[in-house]
Amino acid sequence: MNPEVNGNNTNKVNMKSPLKSDSTTWSNKRHGDHLSGSPPKKKIKNGAPTPQPKNSVAMLNELRQGLIYTLEGQSGPVHAPIFTMSVEVDGQKYNGQGRSKKIARIQAAQTALRSFIQFKDGAILSPSKPSNNVDFTSDEHLENGIIIKKEALLDSKINKSMINKDGQKQIPEKGPVMLLYELFNNVNIECASTDGAQHSRFKMIATVNDKKFEGTGPSKKLAKNAAAKAALATLCDISYSPMQSLPTSDTIASSDKKESYELPQTFADAIGKMVLDKFAAVTVGIENYNRRKVLAGIVMIENCDINTAKVISVSTGTKCVNGEHLSCYGAVLNDSHAEIVSRRCLMDYFYAQLDLHTNTATANESIFVAPGPNETSYKLKNGIRFHLYINTAPCGDARIFSPHEDDMAVDKHPNRKARGQLRTKIESGEGTIPVKSSDGIQTWDGVMQGQRLLTMSCSDKIARWNVVGLQGALLASIIQPVYLHSIVLGSLLHPAHMYRAVCGRIETTIQGLPPPYYLNKPKFALVTSAETRNQIKAPNFAINWTIGQKTVEVVNSLTGKTINGKVSRITKQAFFTKYSDLIKRLPNVQNRVVRGDYGETKMSVRDYQIAKAELVSAFKREDLGNWLKKPMEQDQFMVPE
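Calculation criteria
Residues numbered from 1 in each chain as written. Predicted model: local features only at pLDDT ≥ 70, side-chain atom pairs only at ≥ 80, totals over all residues. Heavy atoms only, no water. Pairing = 2+ DSSP bridges. Helix = DSSP H or I, 4+ residues; strand = E, 2+ residues; numbered from the N terminus. Axes fitted to C-alpha atoms, helices over the stretch in contact; angles between N-to-C directions. Contact = heavy atoms within 4.5 Å. Buried < 20%, exposed > 50% of the residue type's maximum accessible area, 1.4 Å probe, protein only. Expected span 1.5 Å × (residues − 1). Disulfide = S-S within 2.5 Å. Core = buried A, V, L, I, M, F, W, Y, C linked by side-chain atoms within 4.5 Å. Phe/Tyr/Trp six-rings, centres within 6.5 Å; stacked < 30°, edge-to-face > 60°. 1 Å grid on protein atoms, 1.4 Å probe; cavity = no way out; pocket = protein on both sides within 12 Å on 5 of 7 lines; lining within 4 Å. Points joined across faces, edges and corners; volume = space filled by probe spheres on them. Nonpolar A, V, L, I, M, F, W, Y, C, P; charged D, E, K, R; others polar. Polar contact = N/O pair within 3.5 Å; in protein donor to acceptor, adjacent residues only side chain to side chain. pLDDT = per-residue confidence, 0-100. Parallel < 35°, antiparallel > 145°, perpendicular 65-115°, else oblique.

Within a sheet, adjacent strands bond to each other through the backbone by hydrogen bonds, running parallel or antiparallel. The strand order β9-β10-β11 describes an open sheet built from three strands, whose pairing is antiparallel. The strands lining the two open edges of the sheet, one partner per strand, are β9 (187–193) and β11 (211–217). Each adjacent strand pair in this sheet contributes to an overall mean axis angle of 25 degrees, direction not counted. Running at roughly 140 degrees to β11, helix α6 (residues 220–236) makes contact with β9, β10 (202–208) and β11 of the sheet.

Here we take up the environment of V447. Examined against the element boundaries, V447 turns out to sit in helix α9 (residues 444–448). Residue class for V447 comes out buried when judged on its relative accessible area of 4%. With 124 residues separating them along the chain, V447 and G323 place their C-alpha atoms 5.9 Å apart. Here V447 is in contact with G323, L326, L453 and P631, once residues within four sequence places are set aside.

Once that is clear, we can look at α6. Over its 17 residues, α6 extends 23 Å from the first C-alpha to the last, a length consistent with the 24 Å expected when each residue adds 1.5 Å. When we look at burial in α6, the residues that qualify are A223, A226, A227, A228, A230, A231, L232, A233 and C236. A positive phi of about 55 degrees marks D237, the residue just after α6.

Before going further, it helps to examine the state of the cysteines. For the coordinates displayed, the defined rule picks out zero disulfides. Distance from the sulfur of C320, which forms no disulfide, to the nearest cysteine sulfur (C458) is 7.6 Å.

To continue, consider the nonpolar core. F350, L354, I367, F386, I478 and I479 are the most contacted members of the largest nonpolar core, which totals 85 residues. Counting residues per element, this core draws most heavily on helix α8 (residues 338–355), which supplies 10 residues. Judged by nonpolar contacts, the second largest core, of 22 residues, contains L263, I301, A309 and V314.

Per the counting criterion, the structure on display carries 11 aromatic pairs. Seen from their ring centres, Y261 and Y499 are 5.0 Å apart, and the 85 degrees between their planes marks the pair as edge-to-face. In this pair, Y261 is assigned in the loop between α6 and α7 (265–282) and Y499 in helix α12 (residues 495–502), connecting sequence segments 238 residues apart. For the pair Y261 and Y499, a shared accessibility class is recorded, and that class is buried. Site record: aromatic cluster; members linked through ring pairs are F350, F368 and F386.

This model, assessed by the stated rule, comprises one cavity of 30 Å³ or more. A volume near 30 Å³ is recorded for the largest cavity. Lining the largest cavity, in full, are L326, S327, G330, V332, N334, K572 and Q634. A per-class count over the lining of the largest cavity returns two nonpolar, four polar and one charged.

Here we come to the side chain of S327. Position of S327 among the secondary structure elements: in the loop between β13 (305–316) and α8. Only 3.5 Å separates the side chain of S327 from the backbone nitrogen of G330, close enough to count as a polar contact. In terms of polar contacts, S327 uses its side chain to reach the backbone amide nitrogen of A331, at 3.2 Å. Dropping the residues within four chain positions of it, S327 is found in contact with V332, W444 and Q634.

Further remarks concern the confidence of the model for the protein. On average, residues of the protein score 82 in pLDDT, and 78% of them are at 70 or above. Below pLDDT 50 for its whole length, residues 120–138 participates in 25 contacts with residues either more than four positions away or in separate chains.

Contact geometry of α8 with helix α10 (residues 458–468) gives a least axis separation of 9 Å together with a crossing angle of 30 degrees. The orientation of α8 relative to α10 falls into the category roughly parallel. On α10, the residues touching E339, I340 and R343 of α8 are C458, K461 and W465. Looking at the contact of α8 with α10, its residues break down into three nonpolar, no polar and three charged.

Below is the structure:
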């Protein structure tokens, strides 16, 4: 039976329990719903007492929360008074009369219930034994002689759990497992696996209405909670995401915009699971390299249909190249952080999709549409969206907070200057430090002499993608900018900090972006099977996989080359080679040419460079620091022969 039905809701109206056996209590029972002079006997079946049905006041309090009963008046002689009680439900007042306040209160509740609940055969609201021939497969629920649609009963309980007094969604006060058992009668949660990675050692399966929902975690308790959250998200649209508690502040303009920044929980869970499953699939046979601390991937979905989802890229990594391994031929990966590598894999995918347009037989298979008569650039087909998954918050501004402190509102530290600051990764290490205003330029000879090489944090780079796009400068001369639709995290999602880091800190100062460039504001979500803090030492390698590739590529993060000493397929050198070849064969862009070296060719993409310069200026106007650049010599290379 529903746990809420067995609760103590009658205590809210100060009613005496019908289970007390003293004579005084039972003599007063004639004033209640039971009109017999003797206490009802408990029926014992299989050693368990038959649960007593609820009266009308308890039923109304369950369906409508926070009701107040008011004594309207008293009439009649002193030895036989008549009391009048009222209750206001949905803005309408309902009255009831009786020989006691208790009876009057029950009558008022009955009148209110009749206004919005269908009664069976006109029955009054009084406890009654359920009929022996009740059809429990029906979509109607018989309770205390009332027919209630199961959907209406479920909706009322959901609203009671999720909607606050202001009508806004909130994180339920009850735990996911308790709430799931309360909302559904046929719930079964069992352990399916105890063998997995540290962050997902246990796998629990929740079965509700013959549907199965999976949850993983480092303990059975956390895995069970995750499975219950997944079930509630799918069946009831109940989310435990921190996005539900997003405050109204200067960071996000108004509360009515909160919903627009949250990706549906079912989508987020599906995206996270697809990336994790793909990572497990592509690393089969190379167990020596499936160790990871940060995992990222990009998923493409068409027309908001999760069944069309494809994993475009999967990557791991947490390190940057050692300064002494910088290449003046674009032959190394400077940044091997997982989310940065996944974006470079996406660029590789873009080149492959544009290459389909070089053959009329395959052009329709591409995700890009050829430019029209008055257009100069290819663009994405309508309905195609890209979602970035990262198993933790991106390093930098999005991760500079304590997950155990309640700092959802304005930062209470008036002297703290770190919020929103541009930050850099440290050569061969983890973590970030704020950028100093005087450190705007890094020199080649300085790095070779031992100056520590600095690379902009992942939070800052994602903020850049939300202005100039994911495609990079070279592809910007061929296609219109492509933006992320959402960012899904596996842990450490703080809505206010995340929003500020990836778009909010420059939204009031950025201006003059040439169309079709704009400030993109992606949606956010946290998966239900969240990952816990991983204390293992980060490996010095990173892997990457792009759809269409048969095997993963393993890169030594400190040297920027593959573990076999070869040039990675997603380096600047590889992309410059693909670009120079593509513009020779691609229709509608024959006027594109390689203008000098790699750096000069990128600078020739005028609108992209204007948008990028405006991004840098916006950070300066907010006094958040100067964007650091790598030594210019690394971009002064020609197309390899």
